[in-house]
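Listed below, chain by chain, are the residues.
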Amino acid sequence: MSIVKTLSRKLLFPTLVGMGVDKLLLAKNKKQQIIINFHGVSNIKGKRFNNRHLDSVEFEKLILYLKERYAIIPLKELFENYRSQKKVPKKTIAITFDDGYINNFTVALPILKKHNVPATFYLITESLENKEFYVWPDVIDLIQKHTKEDIKLTVGTFKYPGFYCDTLKLSLTDLMKQSGSEREKHLNEIKQKYPIYISEAAKEPELIKMIHKTELENYKDEPLIEYGSHTHLHYNLEHLNSEDCFKEVSVSKHIIEKIIKKPVLSLAFPDGSYNETTIVNSKKAGYENIVAVTYKLNENNKDPYILSRFTVSNSTTSESNLLRLAVDFDKFGF
Ligand SMILES: [Zn+2]
């Protein structure tokens, strides 16, 4: 890490936050509410094989900062405020977690409970039924960490370390995102040719294991947590045809509802990917509170059923995230 970055993180950002600079920035924003997005939280110190998880100490620090500056309310309430155009007395946030990593229960939840903070956990429902399910970027990262070789698939060779294919002019990540339901074919080929990911995954349970139905059953009545759908297989929905898209959003809704025995009204688009067809299918499936990352369509600004989110960075500190949030409140808030 560069000296400037290190100094900023260790000295400058904490000093700015200590001086209340973020509060001044925040006061200038016109918007009143915002939704924040996390993925995982981890107790593991040192270098990790991926950066999808925030350090637990930084997470708790951030939660305390947020509690001091904002009203933290359940996502459902935030949508209701937005739809009724209710004036909130103070800047307000709702907290969400995407993907359904087991560390949401084992690491994040105890911290949320300690500080009485509500959150929405978005689950990928294949993981509820299949204990061997890992999200595809984790499978690729595990293979990359171990093999340090090119990934050779029928469609082309993806060169280590970035896994870029010169003939397709595409990275493996983009191929996976853009292939629609064909993605499973590529993923199955990767898994079959590089089974090393299985033993590597076993070494990293806190960073890679996803929530299974037995765990969800244990926490289904946790009063601070709302469960939402993050679809069944985590496809980038804009690349699915209408029929497959509807299946992804409706199957996942029913699987969660069957376990928690409550209606599932919230949906988070994987990778923030969607188009008009996705929205039509999500509403048809019965979702009322839909979250994206950034708005992709102009008309979204007027749609009271879909809201954007601010994503917390895992590769920096709580102070830096807090300052970013204060700066970007208007951009992602409403
Ligand atoms: Zn996701």
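Whatever comes next refers back to the structure up there.
Rules used in this analysis
Residues numbered from 1 in each chain as written. Predicted model: local features only at pLDDT ≥ 70, side-chain atom pairs only at ≥ 80, totals over all residues. Helix = DSSP H or I, 4+ residues; strand = E, 2+ residues; numbered from the N terminus. Buried ≥ 20, exposed ≤ 12 C-beta atoms within 10 Å, placed from the backbone. Axes fitted to C-alpha atoms, helices over the stretch in contact; angles between N-to-C directions. Parallel < 35°, antiparallel > 145°, perpendicular 65-115°, else oblique. Left-handed = near helix turned anticlockwise from the far one by under 90°. Contact = placed C-beta atoms within 7 Å. Nonpolar A, V, L, I, M, F, W, Y, C, P; charged D, E, K, R; others polar.

1. Topic: the environment of Glu60
With respect to the helices and strands, the residue Glu60 is situated in helix α3 (residues 56-69). We classify Glu60 as buried; it has 20 C-beta atoms within 10 Å. It is 9.7 Å that separates the C-alpha atoms of Glu60 and Val41, two residues lying 19 residues apart in sequence.

2. A few points about the packing of α3 against helix α15 (residues 318-332)
A packed helix pair is summarised by two numbers, namely the angle formed by the two axes and the spacing between the axes. Close contact between α3 and α15 brings their axes to 9 Å; oriented N to C, the two are set at 40 degrees. In terms of orientation, α3 lies oblique with respect to α15. Judged by the twist between their axes, the crossing of α3 over α15 is right-handed. Of α15, the residues touching α3 (which contributes Glu58, Lys61, Leu62 and Tyr65) are Ser318, Asn321 and Leu322. Here the residues of the contact of α3 with α15 are counted per class, giving three nonpolar, two polar and two charged.

3. Remarks on unusual backbone geometry
With an omega of 5 degrees, the peptide bond between Tyr160 and Pro161 qualifies as cis. Its location among the elements puts Pro161 in the loop between β8 (156-158) and β9 (164-165). The residue Asp99 is not glycine, and still its phi comes out positive at about 95 degrees. By the secondary structure assignment, Asp99 is in the loop between β5 (92-97) and α5 (103-114). In this structure, Phe163 is a non-glycine residue whose phi angle is positive, near 55 degrees. Residue placement: Phe163 occurs in the loop between β8 and β9. Residue Phe163 is classed as buried on the basis of its C-beta count, with 20 C-beta atoms lying within 10 Å.

4. Topic: the packing of helix α13 (residues 242-260) against helix α14 (residues 276-284)
Between α13 and α14, whose axes approach to 9 Å, the crossing angle comes to 45 degrees. By the angle class used here, α13 and α14 are oblique. Where α13 crosses over α14, the handedness of that crossing is right-handed. The residues of α14 that touch α13, namely those facing Ser242, Cys245, Phe246 and Val249, are Thr277, Thr278, Asn281, Ser282 and Lys284.

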